[in-house]
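Residue-level structure breakdown
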Amino acid sequence: MKQKAILLFGPPGCGKGTQGKLLAEEPGYFHFSTGDMFRSLEISTPTGAKVKGFMDKRELVPDEVTLQLVQETIGRYIQEGRMKSSDTILLDGLPRNEAQVPLVNALMDVTAILYFDVPKPELLVDRMTTRAQKEGRTDDKNPDVVMRGIQIYYEQTQKVLKLYPDGLVHRIDAMGSIEDVHNTVLRILKF
Ligand code: AMP
């Protein structure tokens, strides 16, 4: 049986990582961010160096590399007992283009999509550069790189939503406080 997954969906800076971490405090959920997975790679390895080249420009890492690493990492987490195969994965940052959709669907059973909607993500650029400084991220320190991430979202990622049944998609106004958005998420998932 495939592992269950809920997609955390929305533009860069919409708060899906924060919400994923909060929701993962509930039993039976595991937050899995592809960005965090890539950032944890050793840059001295060939894969790590290759991935960093894409991330620093906020370009998408090639699909095969991404899905291969996701599969390996999830397998390792289960083996190490960090994740249970019965957990619902809160998938943060994947799929990010149309080609990744069938690859994700082959691995996981997507039961819901939480769409954190921000009307104008370009207004969040300042907030994102500040966050990047605090977290020591090398990509979003540069406003041009943040804008590139937003552009990729519009051009490639938004199309992903159309490939899932409308009934799975829950649109959430992501401009509210962290607590309000979290409560909305809990209501949608019927806690
Ligand atoms: P994030 O932390 O989700 O904003 O991701 C940071 C960076 O990791 C992105 O700008 C991409 O370079 C890379 N990345 C994350 N997820 C994916 C994905 N599903 N496919 C390709 N590249 C990704």
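Up top is the structure.
Residues numbered from 1 in each chain as written. Predicted model: local features only at pLDDT ≥ 70, side-chain atom pairs only at ≥ 80, totals over all residues. Heavy atoms only, no water.

Turning next to the packing of helix 1 (residues 16-23) against helix 8 (residues 178-188). Where helix 1 meets helix 8, the axes come as close as 10 Å, and the angle between the chain directions of the two elements is 60°. In terms of their interaxial angle, helix 1 and helix 8 are classed as oblique. Judged by the sense of rotation from one axis to the other, the crossing of helix 1 with helix 8 is right-handed. Each of T18, Q19, L22 and L23 in helix 1 lies in contact with helix 8, whose residues at this interface are I178, V181, H182, V185 and L186. Its residues assigned to classes, the contact of helix 1 with helix 8 shows six nonpolar, three polar and no charged. (Axes fitted to C-alpha atoms, helices over the stretch in contact; angles between N-to-C directions. Helix = DSSP H or I, 4+ residues; strand = E, 2+ residues; numbered from the N terminus. Parallel < 35°, antiparallel > 145°, perpendicular 65-115°, else oblique. Left-handed = near helix turned anticlockwise from the far one by under 90°. Contact = heavy atoms within 4.5 Å. Nonpolar A, V, L, I, M, F, W, Y, C, P; charged D, E, K, R; others polar.)

To continue, consider helix 3 (residues 46-55). Every buried residue of helix 3 is accounted for by G48, V51 and M55. The buried residues of helix 3 occupy an angular sector of 70° when the element is viewed end-on, so they sit on one face. Considering only its buried residues, helix 3 is in contact with helix 2 (34-39) and helix 4 (63-79). (Buried < 20%, exposed > 50% of the residue type's maximum accessible area, 1.4 Å probe, protein only. Arc of directions from axis to C-beta.)

All right, on to the packing of helix 4 against helix 5 (residues 100-107) then. Viewed as axis vectors pointing N to C, helix 4 and helix 5 meet at an angle of 15°, and their least axial separation amounts to 11 Å. By the angle between their axes, helix 4 is roughly parallel relative to helix 5. Handedness of the helix 4/helix 5 crossing: right-handed. Two secondary-structure elements touch here, helix 4 through D63, T66, L67 and Q71 and helix 5 through Q100, L103, V104 and L107. A per-class count over the contact of helix 4 with helix 5 returns four nonpolar, three polar and one charged.

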